[in-house]
Amino acid sequence: MQVTLKILRYNPEKDARPHWESYRLEAEPMDRVLDLLHQVKWEKDGTLAFRKSCGHGICGSDAMMINGVNRLACKTLVKDLGTDVITVEPIRGLPVEKDLVVDMEPFFEAYRAVKPWLINDEPPPERERLQSPEERAVFDEGTKCILCAACTTSCPVFWVNGTYLGPSAIVQAHRFIFDSRDKGAHERFPALGSTGGVWRCRTAYNCTEACPREIPVTQLIEEVKRAIMFGQM
Amino acid sequence: MYRGREGQWAFYLHRISGIAIILFLALHVTEISSSMFGPKWFNALLKFEENPIFGLGLVAVAALVLYHALNGLRIILMDFTSWGVRLQRQLWYAVWVVYVVLGFPMLFIMLRHVFVGGE
């Protein structure tokens, strides 16, 4: 089948602002959008810039806005889009470096702000820190995150706010706050409870819809809100 | 435009209606406080506001208040229960069902007041 791939291109050395460019391509229904981008880069225009690494939905490099919704290019099949006109834009709310490549630093800055590592000052036990399957299940969803930024850059508050940590960082915080082995909630709550923290979430659910790992993002954010509000930790 | 689903539109509409309500409140307070300048000015202002344009504006504000109130209940359920987030989409449709049920009699009463007048 023939498809039209419209890409929002931007070259900081030449262009004043991003512009659309269209490519007519021969595609199979089972092709991924990533395959189409490769086809453009390898056969039509080698200057096209985008990020990809594993190509199998694990590394989280190729989140982009495809037909108006954030998705991973490597997990989006042409047939599932239900149209032969495919638009691809960089994810929103982060500075565009070139074409589909954005500066992820603000995203990772928010990630570091919630201290996404085990905090526990107690002397380590002789063997591992034991945890029951029930205790493990409480934070299971958050462990699936691949830090692709599809959620954070789908959030209307993140686009305009400038200080909001974003859904992804809160999901990462949830993963440790609700871990029975972790004692660092009081170290994370200042960032999470500040003006750029969880209270900026207005439950628009774009994050939950966008997550390629099907993490119930809004649910986890609401749980962190309640944990802070009721001092559960 | 990002192609978000129900939750995104619920949020946008909530924000827009909230801003509209604040603007109305500012206008309303200004109107009432004009009585400080004596009955002449206050009555003149009230007379001016008998124009159906203001009546229709009031209908619009009432429509936004009703949405803001009902979606506010939806947000409370999402914030304070473990199941609200899971059912957010259904809750949003429930908001619109209640909106129509409460809104139609309201619309009828208000429009009659604007165009026919009386109690």
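No experiment lies behind these values; they were computed from the predicted model shown.

Things to note about the overall build of chain B
Part 1 of the argument: Per the secondary structure count, chain B includes four helices and zero strands.
Part 2 of the argument: For chain B, the succession of helices and strands along the chain, N to C, is α-α-α-α.
Part 3 of the argument: Over its C-alpha atoms chain B spans a radius of gyration of 18 Å, topping by over 25% the 14 Å that the globule rule assigns to 119 residues.
Part 4 of the argument: Once the C-alpha set of chain B is aligned to its principal axes, its extents read approximately 55 × 30 × 30 Å.
Part 5 of the argument: Across the 119 residues in chain B, those meeting the buried criterion constitute 28%.
Part 6 of the argument: A separation of at least 24 residues holds for 66% of the contacts in chain B among residues at least 6 apart in sequence.

So, the sheet that holds strand S2 (residues 19-26) of chain A
Residue and element names in this part refer to chain A.
Part 1 of the argument: If you walk across this open sheet you meet the five strands as S2-S1-S5-S3-S4, and the pairing is mixed. Of all strands in the sheet, those bounded by a partner on one side alone are S2 and strand S4 (69-72). Neighbour to neighbour, the strand axes of the sheet diverge by 35° on average, direction disregarded.
Part 2 of the argument: Inspection of the sheet shows strand S1 (residues 2-9) paired to strand S5 (residues 85-89) by four bridges, in the parallel sense. Opposite Leu5, over in S5, you have Ile86 as the bridge partner.
Part 3 of the argument: Sheet strands in contact with helix H1 (residues 33-44) are S1, S2, strand S3 (63-66) and S5, and its direction is about 95° off that of S2.

Details of the interface of chain B and chain A
Part 1 of the argument: Across the contact, 20 residues belong to chain B and 24 residues belong to chain A.
Part 2 of the argument: If you look at where chain B meets chain A, you find three salt bridges.
Part 3 of the argument: Between Arg5 of chain B and Glu209 of chain A there is a salt bridge, with its nearest N and O atoms 3.9 Å apart.
Part 4 of the argument: The interface formed by chain B and chain A holds 10 residue pairs in polar contact (both at pLDDT 80 or more) in total.
Part 5 of the argument: Mapped onto the side of chain B that touches chain A, the elements with two or more residues apiece are helix H1 (6-33), helix H3 (52-80) and helix H4 (88-115) of chain B.
Part 6 of the argument: It is H1 of chain B that contributes the most residues to the side of chain B that touches chain A, five residues altogether.

Overview of the side chain of Asp99 of chain A
Residues and elements named next belong to chain A.
Part 1 of the argument: Note that Asp99 resides in the loop between strand S6 (96-98) and strand S7 (101-102).
Part 2 of the argument: Engagement of the side chain of Asp99 in a polar contact is seen with the side chain of Arg9, the distance being 3.0 Å.
Part 3 of the argument: Leaving out residues up to four positions away in the same chain, Asp99 has contacts with Leu8, Arg9, Tyr10, Thr47, Leu48, Ala49 and Pro90.

Comments concerning the domain arrangement of chain A
Residues and elements named next belong to chain A.
Part 1 of the argument: Its domain assignment divides chain A into domain 1 (2-102) and domain 2 (105-229).
Part 2 of the argument: The gap between the C-alpha centroids of domain 1 and domain 2 is 28 Å.
Part 3 of the argument: Facing the 13 residues of domain 1 at the interface are 14 residues of domain 2.
Part 4 of the argument: Carbon and sulfur atoms make up 64% of the area that domain 1 and domain 2 hide from each other, which totals about 1100 Å².
Part 5 of the argument: Interface area lost by domain 1 to domain 2 is led by Asn70, Arg92 and Leu94, which between them contribute 42%.
Part 6 of the argument: Inspection of the domain 1/domain 2 interface yields three residue pairs in polar contact (both at pLDDT 80 or more).
Part 7 of the argument: Tallied by class, residues from the side of domain 1 that touches domain 2 come to seven nonpolar, four polar and two charged.

A look at the environment of Gly82 of chain A
Part 1 of the argument: Here Gly82 of chain A is to be found in the loop between helix H2 (78-81) and S5.
Part 2 of the argument: The sequence separation of Gly82 of chain A and Pro29 of chain A amounts to 53 residues, and the corresponding C-alpha distance is 9.7 Å.

Notes on the packing of aromatic side chains
Part 1 of the argument: Under the counting rule described, the total for this entry stands at 11 aromatic pairs over all chains.
Part 2 of the argument: Ring centres 5.5 Å apart and planes at 75° place the aromatic pair Trp9 of chain B and Tyr12 of chain B in the edge-to-face group. Placement of both Trp9 of chain B and Tyr12 of chain B in helix H1 is noted, with a separation of three residues, approximately one turn of the helix.
Part 3 of the argument: An aromatic cluster is defined as three or more aromatic residues linked by ring pairs; in this entry it consists of Tyr67, Trp92, Tyr93, Trp96 and Tyr99 of chain B.
Part 4 of the argument: The lysine or arginine in question, Arg175 of chain A, covers the ring of Phe176 of chain A, its NZ or CZ lying 4.3 Å from the ring centre.
Part 5 of the argument: Sitting above the plane of the Trp41 of chain B ring, Lys40 of chain B keeps its charged end 5.3 Å from the centroid.

Definitions and cut-offs
Residues numbered from 1 in each chain as written. Chains lettered and ligands numbered in written order. Predicted model: local features only at pLDDT ≥ 70, side-chain atom pairs only at ≥ 80, totals over all residues. Heavy atoms only, no water. Helix = DSSP H or I, 4+ residues; strand = E, 2+ residues; numbered from the N terminus. Rg over C-alpha atoms; globule rule 2.2 N^0.38 Å. Buried < 20%, exposed > 50% of the residue type's maximum accessible area, 1.4 Å probe, protein only. Contact = heavy atoms within 4.5 Å. Pairing = 2+ DSSP bridges. Axes fitted to C-alpha atoms, helices over the stretch in contact; angles between N-to-C directions. Salt bridge = Lys/Arg side-chain N within 4 Å of Asp/Glu carboxyl O. Polar contact = N/O pair within 3.5 Å; in protein donor to acceptor, adjacent residues only side chain to side chain. Domains from an automatic or database assignment. Buried area = accessible area lost by both parts, 1.4 Å probe. Nonpolar A, V, L, I, M, F, W, Y, C, P; charged D, E, K, R; others polar. Phe/Tyr/Trp six-rings, centres within 6.5 Å; stacked < 30°, edge-to-face > 60°. Lys NZ or Arg CZ within 6 Å of the ring centre and 35° of its normal.

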